[in-house]
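Working through the structure, step by step
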Amino acid sequence: MNNIKRGELYVIIAGICWGIIGIFTRRMSSAGFDSIQVTFLRNLVAALELFIVVIIKDKSSLKISFRDIWMFLGTGICSIAFFNVCYFKAIELTGLSIAAVLLYTAPAMVVVMSCIFFREKMNVRKIIALLLAFGGCIFTTGIIGKESNVTWLGLLIGLGSGFGYALYSIFGTVATKKYNSYTISLYTFVFAAASLLPLCRLNDVAAIVGTHKDIIIPSVCLSTVSTIIPFVCYTKGLKEMEAGKASIMAFIEPLVATLCGIAVFHEKIALTSVTGIAMIFISVVILNVKVTGKQK
């Protein structure tokens, strides 16, 4: 039971850290970085920071088997790099709100894939929590009541971002059986940064960094607070709880992002957003309230 509680806490911490990412990315965007460049720097700096931590903490964590590289290709390229590229393209084609909703089809995909690959049980509480969380995301993004003309291309790319996002839980769960969270996160960042290098226009990145020296602090904060900490915590959570449950609990991210927008950027909140926040919160409670008797 203690391990279960600890795993849940890790995932909640991860969701909170991911939810405040806008504080740092907005500053970097205002300096002139585009979304792919922000993602590249995020993973590059995170890899460098985590490499130093691993060297100091435990050098043996750098060792991986060549035959296990596919796991990190999965978490780094198939998940992190792929979902970011799809997500940013989906924003262009569908708008931020719809892209966010399509991205958060990921937990449903994780639940289904976990049933297939890990034989995790599907129960009533999971289904109710999943529906509440996804519905809460729809309300929170404010898509309700808006007219939209989503093309099939936009829809497919948006669902692609959700699929890529879901793959981290799948590949990450397999990797936790052989490696610790620091090793998994480090090589995830390395492969993600390497795969984005051809797309980031490195000369432009260097020029912006040279012009805006003050961008270093938000870059380091982005890589530390909203990358290393949440990915290490989420990976630890995957080691101690079901991937399906962890992915649903990660819905706390859009909840925190909305509250962050209100508190930090003084964004206005609509009644639908309040409803969405309540639905996400209830879904997390449903997943974690202890029930007596046989669980369905």
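Parameters and conventions
Residues numbered from 1 in each chain as written. Predicted model: local features only at pLDDT ≥ 70, side-chain atom pairs only at ≥ 80, totals over all residues. Heavy atoms only, no water. Helix = DSSP H or I, 4+ residues; strand = E, 2+ residues; numbered from the N terminus. Expected span 1.5 Å × (residues − 1). Buried < 20%, exposed > 50% of the residue type's maximum accessible area, 1.4 Å probe, protein only. Salt bridge = Lys/Arg side-chain N within 4 Å of Asp/Glu carboxyl O. Polar contact = N/O pair within 3.5 Å; in protein donor to acceptor, adjacent residues only side chain to side chain. Contact = heavy atoms within 4.5 Å. Core = buried A, V, L, I, M, F, W, Y, C linked by side-chain atoms within 4.5 Å.

Bringing helix H13 (residues 252-265) into the picture now. With 14 residues, H13 should cover 20 Å at 1.5 Å per step; its first-to-last C-alpha distance of 19 Å lies within 8% of that length. Along H13, the residues classified as buried are Ile252, Glu253, Pro254, Leu255, Val256, Thr258, Cys260 and Gly261. Backbone geometry just after H13 places histidine 266 at a positive phi near 55 degrees.

Another point: the pattern of salt bridges. Evaluated as defined, the whole model comprises nine salt bridges. Taking the shortest distance from any N to any O, the salt bridge between aspartate 68 and lysine 178 comes out at 2.7 Å. Taken together, the residues aspartate 68 in the loop between helix H3 (35-57) and helix H4 (69-94) and lysine 178 in the loop between helix H8 (152-175) and helix H9 (181-196) connect sequence positions 110 residues apart. Here aspartate 68 falls in the buried class, since its relative accessible area comes to 5%. Taking relative accessible area as the criterion, lysine 178 reaches 47% and is therefore assigned partly exposed. A salt bridge links aspartate 204 to arginine 201, with the shortest nitrogen-to-oxygen separation between them at 2.9 Å. On the basis of relative accessible area, aspartate 204 is assigned to the partly exposed category, the value being 36%. For arginine 201, a relative accessible area of 47% puts it in the partly exposed group.

Given a rise of 1.5 Å per residue, 26 residues ought to cover 38 Å, and the 35 Å separating the end C-alpha atoms of H4 matches this to within 8%. Once H4 finishes, glycine 95 follows within two positions and takes phi at roughly 100 degrees, a positive value.

As a further point, take the side chain of threonine 176. You can see threonine 176 is positioned in the loop between H8 and H9. Judged by relative accessible area, which is 6%, threonine 176 ranks as buried. A polar atom in the side chain of threonine 176 sits 2.6 Å from the backbone oxygen of threonine 173. Beyond its immediate stretch of four places on either side in the chain, threonine 176 contacts Ile184, Thr235 and Lys239.

Looking now at the nonpolar core. Counting 62 residues, the largest nonpolar core has Tyr87, Tyr165, Tyr168, Phe189, Tyr234, Ile248 and Phe251 as the members making the most contacts within it. Sequence-distant contacts of tyrosine 165, that is, excluding residues within four places in its chain, are made with Trp18, Ser79, Phe83, Leu103, Tyr104, Ala106 and Glu253. Of all hydrophobic cores here, the second largest spans 15 residues; its members include Leu41, Ala81, Leu196 and Ile208.

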